[in-house]
Amino acid sequence: MLGVVGHPISHSLSPRMHNAAFAQDGTRPAGADYVYVAMDVRPDRLPAAVRGLAALGFVGFNVTMPHKEAILPLMDELDTPARLAGAVNTVVAEEGKLRGLNTDGSGFVEACEEAGVSLAGRRVLILGAGGAAAAIAVAALGAGAPRLCIANRTAGRAEALRAKLSEGMLEAEVLTCPLDKAGETAAEAEIIINATYLGMKKEDPLPLPIETLAGEKVVCDAVYLTGGETALIRYAKEAGARTVSGERMLLYQGVQAQRVWTGREPNIEAMSDALA
Ligand code: NAP
């Protein structure tokens, strides 16, 4: 048994994505048959739900909004990306212990690789300073980005993330700027990633002025919409930028979680088709 805890959760694409891979697995050895379910868990019930999942023998589970940070103290162990990002999106239950991982950032890097984009040596601008931004920042620095700017609406949150990253990754240069000044930083950035909520609603403004998307840039959006591209990805494509969508990031964070849970290479094509 596998699953995802969140609140609300009915919109989650993860059950469809993971079960599509399991359905294509064909003849499985006994004991290697998986099912993935969505579980709506209210914030006040998170500790009881986590204890329950462990007691029921879940192999692991994903964690989504609003629990990614609240679940940290409930873990027996954390991997380095989860600790540095201060957010867990994947839990593995092993020998009575719960291990918290973060595959959002590494999933983002794998989505970039799929698009032929390397972060090594590239100047990166991240919009946002929440859980997704932190995970992406950790992974981008880990993948060799030498210079990273965090632009956030709330300055204190960007500064707190910068301080945490600087402790763990001293060799990279990490800067901050206000979100409404990010257009200036975007001019010199080679890879721009939106990890704010902007774009989740049709009426949202773009997180950056449209003219900053042009040229030899890679524009990535952590936000994904069911049944269509975000405005940021659409405008970036029109402006001639290369793009990496939130849907590909969602796919690869799931691929990486499935690798850890099952110990085998997932059927990525089936997972990708399930998101289409
Ligand atoms: P979070 O921890 O709550 O952080 C939200 C971020 O968005 C903060 O930086 C916040 O700024 C900013 N923000 C919210 N409303 C804004 C507004 N109106 N204007 C400007 N900035 C605003 O959330 P998260 O977990 O990082 O998620 C962020 C986005 O990434 C969500 O859309 C989520 O679905 C997506 N995501 C996608 C994947 C994937 O696999 N594709 C994985 C994880 C997350 P303040 O600090 O100023 O509030």
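Our structure is the block above this text.
A brief report on the enclosed structure follows. None of the values given here were measured: they were computed from a predicted structure.

Conventions adopted
- Residues numbered from 1 in each chain as written.
- Predicted model: local features only at pLDDT ≥ 70, side-chain atom pairs only at ≥ 80, totals over all residues.
- Heavy atoms only, no water.
- Helix = DSSP H or I, 4+ residues; strand = E, 2+ residues; numbered from the N terminus.
- Rg over C-alpha atoms; globule rule 2.2 N^0.38 Å.
- Buried < 20%, exposed > 50% of the residue type's maximum accessible area, 1.4 Å probe, protein only.
- Contact = heavy atoms within 4.5 Å.
- Areas by Shrake-Rupley, 256 points an atom, 1.4 Å probe, with all protein chains shown as cover.
- Lys, Arg positive; Asp, Glu negative; His and termini not counted.
- Charge placed at Lys NZ, Arg CZ, Asp CG, Glu CD.
- Pairing = 2+ DSSP bridges.
- Axes fitted to C-alpha atoms, helices over the stretch in contact; angles between N-to-C directions.
- Near = heavy atom within 4 Å.
- Polar contact = N/O pair within 3.5 Å; in protein donor to acceptor, adjacent residues only side chain to side chain.

Further remarks concern the overall build of the protein chain. When helices and strands are counted, the protein chain shows ten helices and twelve strands. Taken over the C-alpha trace, the protein chain has a radius of gyration of 18 Å; the compact-globule value for 276 residues is 19 Å, and the two agree within 12%. On the principal axes, the C-alpha backbone points of the protein chain span a range of 55 × 35 × 35 Å. Looking at the protein chain as a whole, 50% of its 276 residues qualify as buried. For the protein chain, long-range pairs separated by at least 24 residues make up 68% of all intrachain contacts whose partners lie at least 6 apart in sequence. Counting every atom, the protein chain has about 12,600 Å² of accessible surface; 52% of that belongs to carbon and sulfur. Charge-centre separation for the protein chain: the mean point of 26 positive side chains lies 3 Å from the mean point of 33 negative side chains.

In this section: the sheet that holds strand 2 (residues 36-40). Strand order in the open sheet made by the six strands is 2-1-3-5-6-4, with mixed pairing throughout. In the strand order of this sheet, the two ends are held by strand 2 and strand 4 (77-78), each with one partner. Looking at chain direction, strand 3 (residues 60-63) and strand 5 (residues 90-94) are connected through three bridges and run antiparallel. Bridged to glycine 60 within strand 5 is valine 92. Helix 1 (residues 14-23) rests against strand 1 (2-6), strand 2 and strand 3 of the sheet, and its axis sits at about 165 degrees to strand 2.

This brings us to the site of the ligand. Around the ligand sit 25 residues in total, of which Ala132, Asn152, Thr154, Tyr197 and Gly246 are the nearest. In this structure, alanine 132 approaches the ligand through a main-chain N or O atom, which is 2.7 Å from an oxygen atom. Contact between the ligand and arginine 153: an oxygen atom at 2.9 Å from a side-chain N or O atom of the residue. For the ligand, whose unbound accessible area comes to 920 Å², protein coverage reaches 85%.

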